[in-house]
Amino acid sequence: MRKKVSIIGAGNVGATAAHWIASKELADVVLVDIAEGIPQGKALDLLQAMPIEKRDLHVLGSNDYDATANSDIVVITAGIPRKPGMSRDDLLNTNYKIMQDVVGKVVAASPDAILIVVSNPLDAMAQAAYKISGFNRERVLGMAGVLDSARFRTFIAEELNVSVENVTAFVLGGHGDTMVPLARYSTVAGIPITELIAPDRLKQLIERTANGGAEIVKHLKTGSAYYAPSSATAEMVEAILKDKKKIMPCAAFLQGEYGIDGLYVGVPCKLGERGLEQIIQIKLTDEENAALQKSAASVKELVNVIGV
Ligand SMILES: NC(=O)c1ccc[n+]([C@@H]2O[C@H](COP(=O)([O-])OP(=O)(O)OC[C@H]3O[C@@H](n4cnc5c(N)ncnc54)[C@H](O)[C@@H]3O)[C@@H](O)[C@H]2O)c1
């Protein structure tokens, strides 16, 4: 039996995630959206690329959650993206209403699924999905850290003119201006980047990473990034479906880890067939810990506004 991944929201991130998932032949894909015709049209178009790509899987579009029944994973991308001048937090109330519409229907159709939330503001929306679904924390994750660290890796590889494959990077904290790129744990072929890039320059790369989403919004004007976000989502999907036990930064519901309790924040997570299989606790310096706590506090503010 092939695995099944449903994607709620067939906009830029959702449709492109379907594209990556199909191109890697990870699972059958169902795209759902409130917009009539959009998921059907995009799904049919993607399906017709499968003979060329030599991929045997099904892609279906629908406005109805029946089509998502018994999904292994449901990715939630429904929601408005930001426009120039907006912060992710400005999306809070609109996207929370959308979460309230979507999550119950997802859960009714796929009570055993693992949820990957992508809609912004990410950590607060992951927390909303966790509370609305009633699932345990192992089955509700948020995608942000894989994207933020990929941005950091891109800038490091360009800076040092080395293969992106050589670069690992870690970004912790909420998906916002307070995210915490961890230079000490970021390496090039095992060498900490703090040994390879001067502190001033490193600071610039860290700032560019933290503003990575806004830089793209400024170019696009009509929406936000979607190729890298959807690729990051597909990496999480792959780690779960293939039970890879892969460690990557994800938003997870912390219950005392890193001194944070009852809140979704980005931390290193081991992903496997059960979803979140372990939260990896790494030692932070006082400065790094202070930055993480500050980031968590800004997530907490949002979560308090919507009361989840
Ligand atoms: N976590 C991250 O790192 C990250 C990265 C990029 C984008 N995002 C977020 O992902 C979300 C989607 O971004 P996008 O660029 O794909 O936006 P988009 O506007 O292209 O697509 C969003 C889709 O959601 C649909 N939708 C709205 N309400 C719905 C509902 N109730 N049920 C089903 N579908 C509904 C819309 O019709 C639209 O097709 C945004 O909130 C954006 O901020 C997060």
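Our structure is the block above this text.
Residues numbered from 1 in each chain as written. Predicted model: local features only at pLDDT ≥ 70, side-chain atom pairs only at ≥ 80, totals over all residues. Heavy atoms only, no water.

Section: the overall build of the chain
For step 1, the next point in the chain: Summing up its helical and strand segments, the chain has 10 helices and 12 strands in all.
For step 2, the next point in the chain: On C-alpha atoms alone, the chain measures out to a radius of gyration of 18 Å, which is about the 19 Å that the 2.2 N^0.38 rule sets for 308 residues.
For step 3, the next point in the chain: Within the chain, buried positions represent 53% of all 308 residues.
For step 4, the next point in the chain: Across the chain, contacts joining residues at least 24 apart in sequence account for 69% of those joining residues at least 6 apart.
For step 5, the next point in the chain: Of the accessible surface of the chain, which amounts to about 13,800 Å², a share of 50% is contributed by carbon and sulfur atoms.
For step 6, the next point in the chain: Counting 32 positive and 36 negative side-chain charges, the chain places the averaged centre of each group 1 Å from the other. (Helix = DSSP H or I, 4+ residues; strand = E, 2+ residues; numbered from the N terminus. Rg over C-alpha atoms; globule rule 2.2 N^0.38 Å. Buried < 20%, exposed > 50% of the residue type's maximum accessible area, 1.4 Å probe, protein only. Contact = heavy atoms within 4.5 Å. Areas by Shrake-Rupley, 256 points an atom, 1.4 Å probe, with all protein chains shown as cover. Lys, Arg positive; Asp, Glu negative; His and termini not counted. Charge placed at Lys NZ, Arg CZ, Asp CG, Glu CD.)

Description of a negative patch on the surface
For step 1, the next point in the chain: There is a patch of like negative charges on the surface, built from Asp89, Asp90, Asp177 and Glu301.
For step 2, the next point in the chain: Inspection of the secondary structure puts Glu301 in helix α10 (residues 286-306).
For step 3, the next point in the chain: You can call Glu301 exposed: its relative accessible area is 57%. (Patch = residues over 30% accessible without salt bridge, like charges linked within 9 Å, V, L, I, M, F, W, Y side chains within 5 Å. Salt bridge = Lys/Arg side-chain N within 4 Å of Asp/Glu carboxyl O.)

Considering the layout of surface pockets
For step 1, the next point in the chain: A volume near 770 Å³ is recorded for the largest pocket.
For step 2, the next point in the chain: As for the largest pocket, its lining consists of 40 residues, and the residues nearest its centre are Thr77, Ala78, Gly79, Ile80 and Pro81.
For step 3, the next point in the chain: Among the secondary structure elements, those contributing two or more residues to the lining of the largest pocket are α1 (12-23), α4 (92-109), α6 (145-160) and α8 (212-220).
For step 4, the next point in the chain: Here the element with the most residues in the lining of the largest pocket is α4; it accounts for 5 residues. (1 Å grid on protein atoms, 1.4 Å probe; cavity = no way out; pocket = protein on both sides within 12 Å on 5 of 7 lines; lining within 4 Å. Points joined across faces, edges and corners; volume = space filled by probe spheres on them.)

Quick notes on the sheet that holds strand β8 (residues 180-188)
Each strand in a sheet pairs with another by means of backbone hydrogen bonds, the pair being arranged parallel or else antiparallel.
For step 1, the next point in the chain: An order of β7-β8-β9 is seen for the 3 strands of this open sheet, with the pairing classed as antiparallel. What marks the edges here is a single partner per strand, and that holds for β7 (167-172) and β9 (191-192).
For step 2, the next point in the chain: Alignment of β7 against β8, held across 5 bridges, turns out to be antiparallel. The partner of Leu172 across the bridge, within β8, is Val180.
For step 3, the next point in the chain: Where α6 meets the sheet, it contacts β7 and β8, and its direction lies at approximately 135° from that of β7.
For step 4, the next point in the chain: Across the face of the sheet, α10 comes into contact with β7 and β8 while running at roughly 130° to β8. (Pairing = 2+ DSSP bridges. Axes fitted to C-alpha atoms, helices over the stretch in contact; angles between N-to-C directions.)

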